[in-house]
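# Working through the structure, step by step
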Amino acid sequence: SAVISQKPSRDICQRGTSLTIQCQVDSQVTMMFWYRQQPGQSLTLIATANQGSEATYESGFVIDKFPISRPNLTFSTLTVSNMSPEDSSIYLCSVDRQGAREAFFGQGTRLTVV
Amino acid sequence: KQEVTQIPAALSVPEGENLVLNCSFTDSAIYNLQWFRQDPGKGLTSLLLIQSSQREQTSGRLNASLDKSSGRSTLYIAASQPGDSATYLCAVRRENYGQNFVFGPGTRLSVLP
């Protein structure tokens, strides 16, 4: 299995500010994935982060709002910019275990925007 | 378009019962199917992964089956415990590239002591 450390685990932020979420994996992976889970909803993929290239964003998500960094094969950050109460969600990072393509997730970041 | 449903939406059982959670999907062309557990406000914990060519997987008290032709998977939990209380999600992976999951809405399980 893959061990994923995600920080912070939760935060309460003022509207208009930004929050950067960190995701550290215990092994090198090609792709890292960022998800949002709005209250009472299932997971929605935000973007796929590859090392050395720009992230690929899903429909409805843009780089200006959710900039992503991927400086090496074990680390990535997601920033939620210019936050509004609608951004209150759980944000999760995920990786695949090679071969079997089993997905592993971080512990999640529970964001509340007030 | 792949759609995933889970029945029941919520389930409350006394401790010690055996129970079955159901997952249905509309398109049988899947790469694999994964069952996850999610505690409130937390991330997802992988429980079982079933490849499209497999019929079932077992881990401890958990057994998951897959019938691709009928678009169904079940998660069987034996001798349930209060610590099993969580939301259980099934996710269908559509192809062998990226994470192109379709998640079910989840079954919220409460095991009463």
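Treat the numbers as computed from the prediction; the structure is a model and nothing was measured. (Residues numbered from 1 in each chain as written. Chains lettered and ligands numbered in written order. Predicted model: local features only at pLDDT ≥ 70, side-chain atom pairs only at ≥ 80, totals over all residues. Heavy atoms only, no water.)

Here the focus is the sheet that holds strand β8 (residues 72-77) of chain B. Residues and elements named next belong to chain B. Spatial ordering of the open sheet is given by β1-β3-β8-β7-β6, a layout of 5 strands whose pairing is antiparallel. If you trace the sheet from one side to the other, it starts and ends with β1 (4-7) and β6 (56-59), each paired once. With direction set aside, neighbouring strand axes in the sheet form an average angle of 15°. Inspection of the sheet shows strand β3 (residues 19-25) paired to β8 by 6 bridges, in the antiparallel sense. Across the sheet, the residue bridging to Asn22 is Thr74, located in β8. (Pairing = 2+ DSSP bridges. Helix = DSSP H or I, 4+ residues; strand = E, 2+ residues; numbered from the N terminus. Axes fitted to C-alpha atoms, helices over the stretch in contact; angles between N-to-C directions.)

A separate point is the pattern of salt bridges. Residues and elements named next belong to chain A. Counting across every chain of the model gives 6 salt bridges over all chains. One salt bridge connects Asp87 with Lys65, and the closest N-O pair in it is separated by 2.6 Å. Here Lys65 lies in the loop between β6 (56-57) and β7 (68-72) and Asp87 lies in the loop between β8 (75-80) and β9 (89-97), a separation of 22 residues in the sequence. The pair Asp87 / Lys65 is uniform in exposure class, with both members buried. Where Asp96 meets Arg101, a salt bridge forms, and the shortest distance between an N and an O atom there is 3.0 Å. (Salt bridge = Lys/Arg side-chain N within 4 Å of Asp/Glu carboxyl O. Buried < 20%, exposed > 50% of the residue type's maximum accessible area, 1.4 Å probe, protein only.)

Let us look at the environment of A:Val25. All names here are of chain A. Looking at the secondary structure, you find Val25 in strand β3 (residues 19-25). The buried category is assigned to Val25, whose relative accessible area is 3%. Along the chain, Val25 and Leu111 lie 86 residues apart, while their C-alpha atoms are 21 Å from each other. In this view, Val25 contacts Val3, Met32, Thr74 and Val95; residues no more than four positions away in its chain are not counted. (Contact = heavy atoms within 4.5 Å.)

For the rest of this paragraph, the subject is the side chain of B:Gln6. Residue and element names in this part refer to chain B. Within the secondary structure, Gln6 sits in strand β1. For Gln6, a relative accessible area of 6% translates into the label buried. A polar side-chain atom of Gln6 sits 3.1 Å from the main-chain amide nitrogen of Cys90. Here Gly106 takes part through its backbone nitrogen, which lies 2.9 Å from a polar atom of the side chain of Gln6. Excluding residues within four positions of it along the chain, Gln6 makes contact with Asn22, Cys23, Trp35, Tyr88, Leu89, Cys90, Gly104, Pro105, Gly106 and Thr107. (Polar contact = N/O pair within 3.5 Å; in protein donor to acceptor, adjacent residues only side chain to side chain.)

All names here are of chain A. Ordered in space as β1-β3-β8-β7, the 4 strands form an open sheet in which the pairing is antiparallel. Lying at the two open borders of the sheet, with one neighbouring strand each, are β1 (4-7) and β7. Ignoring strand direction, the axes of neighbouring strands in this sheet form an average angle of 15°. As judged from the 6 bridges shared by β3 and β8, these two strands associate in the antiparallel manner. Bridging from a neighbouring strand, Gln24 pairs with Phe75 of β8.

Okay, the state of the cysteines next. All names here are of chain A. For the coordinates displayed, the defined rule picks out 2 disulfides over all chains. Here Cys23 pairs with Cys93 through a disulfide, and the sulfurs are 2.0 Å apart. Across the S-S bond of Cys23 and Cys93 the torsion is about 75°, and the bridge reads as right-handed. Here Cys23, found in strand β3, pairs with Cys93, found in strand β9; they are 70 residues apart in sequence, far enough to count as distant. Classification of Cys93 as buried rests on a relative accessible area of 0%. (Disulfide = S-S within 2.5 Å.)

Contacts between the two partners involve 21 residues from chain B, matched on the other side by 23 residues from chain A. In total, about 1600 Å² of surface goes out of reach between chain B and chain A, with carbon and sulfur atoms giving 49% of it. Here chain B is connected to chain A by 1 salt bridge. Two residues, A:Asp96 and B:Arg93, come together in a salt bridge whose shortest N-O distance is 2.8 Å. Applying the counting rule to chain B against chain A returns 12 residue pairs in polar contact (both at pLDDT 80 or more). Breaking the side of chain B that touches chain A down by element, the ones donating at least two residues are β4 (32-38), β5 (44-51), β9 (86-93) and β10 (101-103) of chain B. Of the residues contributing to the side of chain B that touches chain A, the split by class is 8 nonpolar, 11 polar and 2 charged. (Buried area = accessible area lost by both parts, 1.4 Å probe. Nonpolar A, V, L, I, M, F, W, Y, C, P; charged D, E, K, R; others polar.)

Remember that the coordinates give geometry; whether it matters functionally is a separate question.
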